[in-house]
Amino acid sequence: VDRIFSGIQPTGTPHLGNYLGAIQNWVNLQEEYSSVLYSIMDMHSLTMPKEPALLRQNILDTTAAILACGIDPKKCFLFRQSLVPEHAELAWILGCITNVPRLLRLPQWKMKRASQSNGGTVGLLTYPVLQAADILLYKSTHVPVGEDQVLHLELAQDIAQHFNKKYGEFFPVPKAILSTTKKIKSLRDPTVKMSKSDTQKLATVNIVDSPDEIVLKFRKAVTDFTSEVTYDPANRPGVSNLVSIHSAVSGLSIEEVLHQSVGLDTAHYKMVVAESVIQKFAPIRNEIKKLQEDKSHLIQVLEAGAEKAKELATPIYQEIRRLVGFQ
Ligand code: TYM
């Protein structure tokens, strides 16, 4: 049977890349599939340490945002990762069949370890093994993610195959599901992805940004010296990123968006895109604010989801224990 699994790190409210690369797809997939799990990855968040109070708050803010975007706990299991400790237990087992050099090659390790003064923690290095455990603990078959997670998914595939070879056919090899906007770029540097950790304030549009902030960020978006609006990601990454965003938030195709923009120069076009982003997220922003007022409801959603996730995970994890010889 098909089973969808995906997750997001609780870094507060999601940005445009999270939404267009993943969450929008999640909303569609909960309609199409009968077994769907989405998780707030609080254990992953510890790899870039924060104050406990901030993590606690970010978990609730991320949950409020996910719900406001249209994730419906009646159609999926929405839960907090650390409430199902089998994720960590399976990560240990999978870590014992994963080679260190394979992890050392992953670009996220190389990039993020540079920001840690201690040379990089064990958690940061083995983070993708925990990610493989998240997926495999439920024998998931499909994983909707943005392009930046594809290498991590390939690792999960390799680990599943390695386990199957060693202990007998058990895990399905999970497949990535990519959206058409699989990589939204930074508004300040269209050669890199939009990211929460970007130190340039104007690079990343958060879905709860005010209309003024959204206008400012798009007005300052880096494009090039051609004023015409075209879609040519290889040669014109800046303006093409704007076209992708515009198309994704408006629901129009790239061709339709371009057709509507004939005669506009990029300066005017930036304001058209900003307006479409403002329109798209105004109702979501209001809904997030409403949901944030009822913390106990958010906590209850995550706990109820975790109970259901645990029910799925328990028999699978029991079988894994037997396969490896713990039982
Ligand atoms: P995270 O929290 O960084 O991002 C959540 C989702 O948003 C996507 N995304 C983007 N998509 C397009 N353009 C961008 N600029 C952009 N930035 C982020 C990500 O690809 C992701 O789908 N390791 C994961 C969380 C995770 C997970 C899992 C995902 C932990 N375990 C198991 C799937 C399955 C992460 O840090 O995502």
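Details of the structure are given in the entry above.
To start, this report covers the structure provided alongside it. (Residues numbered from 1 in each chain as written. Predicted model: local features only at pLDDT ≥ 70, side-chain atom pairs only at ≥ 80, totals over all residues. Heavy atoms only, no water.)

Some words on the overall build of the chain
Thought 1: Looking only at helices and strands, the chain features 13 helices and 5 strands.
Thought 2: On C-alpha atoms alone, the chain measures out to a radius of gyration of 20 Å, which is about the 20 Å that the 2.2 N^0.38 rule sets for 327 residues.
Thought 3: If one aligns the C-alpha atoms of the chain with their principal axes, the spans along those axes are about 70 × 45 × 40 Å.
Thought 4: Sequence-distant contacts in the chain: of pairs separated by 6 or more residues, those separated by 24 or more amount to 74%.
Thought 5: Roughly 15,500 Å² of accessible area belongs to the chain as shown, and the carbon and sulfur atoms make up 54% of that amount. (Helix = DSSP H or I, 4+ residues; strand = E, 2+ residues; numbered from the N terminus. Rg over C-alpha atoms; globule rule 2.2 N^0.38 Å. Contact = heavy atoms within 4.5 Å. Areas by Shrake-Rupley, 256 points an atom, 1.4 Å probe, with all protein chains shown as cover.)

Some details on the site of the ligand
Thought 1: For the ligand, the set of nearby residues contains 26 residues, the closest of which are Tyr 127, Asp 134, Gly 146, Asp 148 and Ile 184.
Thought 2: A distance of 2.5 Å separates an oxygen atom of the ligand from a polar side-chain atom of Asp 148.
Thought 3: A total of 710 Å² of accessible area belongs to the ligand in isolation, and the protein chains cover 95% of it.
Thought 4: Taking a 2 Å distance to the grid points as the criterion, the majority of the atoms of the ligand fall inside the largest pocket. (Near = heavy atom within 4 Å. Polar contact = N/O pair within 3.5 Å; in protein donor to acceptor, adjacent residues only side chain to side chain. 1 Å grid on protein atoms, 1.4 Å probe; cavity = no way out; pocket = protein on both sides within 12 Å on 5 of 7 lines; lining within 4 Å. Sits in = over half its atoms within 2 Å of the grid points.)

Quick word on the packing of aromatic side chains
Thought 1: Enumeration according to the criterion identifies 9 aromatic pairs in this entry.
Thought 2: Ring centres of Phe 5 and Tyr 138 lie 5.5 Å apart, and the angle between their planes is 15 degrees; this geometry places the pair in the stacked category. Here Phe 5, found in strand E1 (residues 4-8), pairs with Tyr 138, found in the loop between helix H7 (122-136) and strand E4 (142-144); they are 133 residues apart in sequence, far enough to count as distant. Tyr 138 matches Phe 5 in its accessibility class, with the two residues each being buried.
Thought 3: Feature note: the residues Phe 163, Tyr 167, Phe 170 and Phe 171 constitute an aromatic cluster, connected by ring pairs.
Thought 4: The aromatic ring of Phe 170 is capped on one face by Lys 139, whose charged end is 3.9 Å from the ring centroid. (Phe/Tyr/Trp six-rings, centres within 6.5 Å; stacked < 30°, edge-to-face > 60°. Buried < 20%, exposed > 50% of the residue type's maximum accessible area, 1.4 Å probe, protein only. Lys NZ or Arg CZ within 6 Å of the ring centre and 35° of its normal.)

Topic: the packing of helix H3 (residues 52-68) against helix H12 (residues 266-292)
Thought 1: Look at H3 against H12: their axes get within 8 Å of each other, and the N-to-C directions meet at 135 degrees. Our classification of the angle between H3 and H12 gives oblique. In this structure, H3 crosses over H12, and the sense of that crossing is right-handed. Between H3 and H12, the residues in contact are Asp 61, Ala 64, Ala 65, Leu 67 and Ala 68 and Ile 284, Glu 287, Ile 288, Leu 291 and Gln 292, respectively.
Thought 2: A class-by-class count of the residues in the contact of H3 with H12 yields 7 nonpolar, 1 polar and 2 charged. (Axes fitted to C-alpha atoms, helices over the stretch in contact; angles between N-to-C directions. Parallel < 35°, antiparallel > 145°, perpendicular 65-115°, else oblique. Left-handed = near helix turned anticlockwise from the far one by under 90°. Nonpolar A, V, L, I, M, F, W, Y, C, P; charged D, E, K, R; others polar.)

Topic: the environment of Thr 226
Thought 1: Note on placement: Thr 226 falls in the loop between helix H9 (211-219) and helix H10 (237-250).
Thought 2: Taking the C-alpha atoms as reference points, Thr 226 and Gly 119, 107 residues apart in sequence, are found 43 Å from one another.
Thought 3: For Thr 226, the contacting residues outside a window of four places in its chain are Arg 236 and Thr 266.

Quick word on empty space enclosed by the protein
Thought 1: The tally for this structure, following the rule as stated, stands at 2 cavities of 30 Å³ or more.
Thought 2: The volume enclosed by the largest cavity comes to roughly 80 Å³.
Thought 3: Taken together, Thr 47, Leu 103, Leu 106, Gln 108, Trp 109, Lys 112, Leu 124, Leu 125, Tyr 127, Pro 128 and His 152 form the lining of the largest cavity.
Thought 4: Looking at the lining of the largest cavity, the elements that each hand over two or more residues are helix H6 (107-113) and H7.
Thought 5: Among the elements that make up the lining of the largest cavity, the one with the highest residue count is H7 (4 residues).
Thought 6: When its residues are assigned to classes, the lining of the largest cavity shows 7 nonpolar, 3 polar and 1 charged.
Thought 7: Computed from the structure, the second largest cavity encloses a volume of approximately 40 Å³. (Points joined across faces, edges and corners; volume = space filled by probe spheres on them.)

Observations concerning unusual backbone geometry
Thought 1: Positive phi is not limited to glycine here, since Lys 139 has a value of about 50 degrees.
Thought 2: Structurally, Lys 139 is set in the loop between H7 and E4.

Description of H3
Thought 1: Spanning 17 residues, H3 covers 24 Å between terminal C-alpha atoms, matching the ideal 24 Å at 1.5 Å per step.
Thought 2: Judged by how many residues are buried, H3 sits mostly within the fold: 12 of 17 residues are covered.
Thought 3: Along H3, the residues classified as buried are Leu 55, Asn 58, Ile 59, Leu 60, Asp 61, Thr 62, Thr 63, Ala 64, Ala 65, Ile 66, Leu 67 and Ala 68.
Thought 4: Looking one or two places after H3, you find Gly 70, whose phi comes out positive at around 115 degrees. (Expected span 1.5 Å × (residues − 1).)

Function cannot be read off these values alone, since they describe shape.
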